[in-house]
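The residues making up each chain are set out below.
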Amino acid sequence: MKRDEILKAIEEKYEKLGVPLETMLEGLLHSTPITYWDYIQTDALLGLQIPRTTQKDEMVFIMYHQVNELLFKMILWEIDQISLAKETVSAEKFSKHLMRISRYFDMLCSSFDVMGDGMDVEQYLKFRNTLAPASGFQSAQYRKIEFASTELINLIDARYRDTIDRNSSFRNAFEHLYWQAAGKNHKTGEKSILIQLFEKKYMGDFIDFMEDYNECNLSKKFQQLPEDVQKNPKLIKAMRHYDYTVNVKWVLAHYNAAGKYLGGGDKDLEATGGSNWRKYMHPKYQRRIFFPYLWSKDELKNWGTF
């Protein structure tokens, strides 16, 4: 665009906002140039790492999980480009955003090498107890990714799915989510401090989020597409890739990393949240599948082992 065209377009833009062009231009006259560190908020970002011990590798642990949370935010942002779109989403747009999401999870999967090879086991075992009862289990963004990706029934503990349907309350569904099993005493049914603190902070937000995405999660949006679009090979491949990446590849990467620091056969240590991490984390036990209708019977039967 030429200068006159640009100025005209700017004038029209601010006229609609009720701001005279002269006021906006004078504001620009007195503004300071944008810098990288101001735009990225580098100083604030680099001031967020506060170790609780003298173990040097704790810094690696903190930054690794902060990077995870930033990627989770990017994933939720991409999901909303599909879920909250007012217009009908094309197969091309659906696939594009799904593959972006899958690339973020590919980064998360490969990043376990950073943590797995970036911390001395001896140091980790010294600082880990200062984290209790905190746990990566308590990532609210990760739980929201699950809620925004699939229908609630697919997140219900497999043992209780026959007792839950779309007429069940969101609170009842919440109490039977698969990850509740990691925070309960199976003999008494009492919730651990891990899950009590988690629910105290986030449960209300989670219930609202579950309700908001009940009809617009990725699975629902896919099933609302025209039948011919649902059969688009590229879209199906993107859906399956996302499902497998999140619910098998990512989970197993986490599982294997935990094994390096907590493993030892009969000498397995508890996770900081107190869970039996081997049984809780392995996808063959979780049976969490976002889009079960896109997998064969054999694939569903062998979930987490292929």
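Undergrad: Could you clarify how one ought to interpret the nonpolar core in this entry?
TA: Nonpolar side chains in soluble globular proteins tend to end up buried together. Of all hydrophobic cores here, the largest spans 71 residues; its most connected members are Phe-94, Phe-105 and Tyr-242. Of all elements in the fold, only α5 (58-83), α6 (91-118), α7 (121-127), α8 (140-149), α9 (170-175), α10 (193-212), α11 (218-223) and α13 (233-262) reach the threshold of two or more residues within this core. Contact partners of Tyr-242, with chain neighbours within four places excluded, come to Ile-79, Leu-98, Ile-101, Ser-102, Phe-105, Ile-145, Ser-149, Leu-218, Phe-290 and Phe-291.

Undergrad: Can you walk me through the packing of aromatic side chains in this structure?
TA: Each aromatic ring pair is specified by the distance between its two centres and by the angle formed by the two planes. One pass over the structure, following the stated rule, counts 28 aromatic pairs. Taken together, a centroid distance of 6.5 Å and an interplanar angle of 65° make the contact between Trp-179 and Phe-206 edge-to-face. Taken together, the residues Trp-179 in the loop between α9 and α10 and Phe-206 in helix α10 connect sequence positions 27 residues apart. Comparing Trp-179 with Phe-206, the two get one shared label, buried. On the numbers, 5.7 Å between centres and 40° between planes, the contact of Tyr-242 with Phe-290 is tilted. Here Tyr-242, found in helix α13, pairs with Phe-290, found in the loop between α15 (283-286) and α16 (297-301); they are 48 residues apart in sequence, far enough to count as distant. Given a relative accessible area of 0%, Phe-290 falls into the buried group. One aromatic cluster is present, built from ring pairs that chain together Tyr-64, Phe-72, Phe-94, Phe-105, Phe-112, Tyr-142, Phe-222, Tyr-242, Trp-250, Phe-290, Phe-291 and Tyr-293. Geometry around Tyr-202 places Lys-201 over its ring, the cationic atom sitting 5.4 Å from the centre. Lying over the aromatic face of Trp-295, Arg-240 brings its terminal NZ or CZ to 4.0 Å of the ring centre.

Here is what the cut-offs are and how they apply
Residues numbered from 1 in each chain as written. Predicted model: local features only at pLDDT ≥ 70, side-chain atom pairs only at ≥ 80, totals over all residues. Heavy atoms only, no water. Core = buried A, V, L, I, M, F, W, Y, C linked by side-chain atoms within 4.5 Å. Buried < 20%, exposed > 50% of the residue type's maximum accessible area, 1.4 Å probe, protein only. Helix = DSSP H or I, 4+ residues; strand = E, 2+ residues; numbered from the N terminus. Contact = heavy atoms within 4.5 Å. Phe/Tyr/Trp six-rings, centres within 6.5 Å; stacked < 30°, edge-to-face > 60°. Lys NZ or Arg CZ within 6 Å of the ring centre and 35° of its normal.

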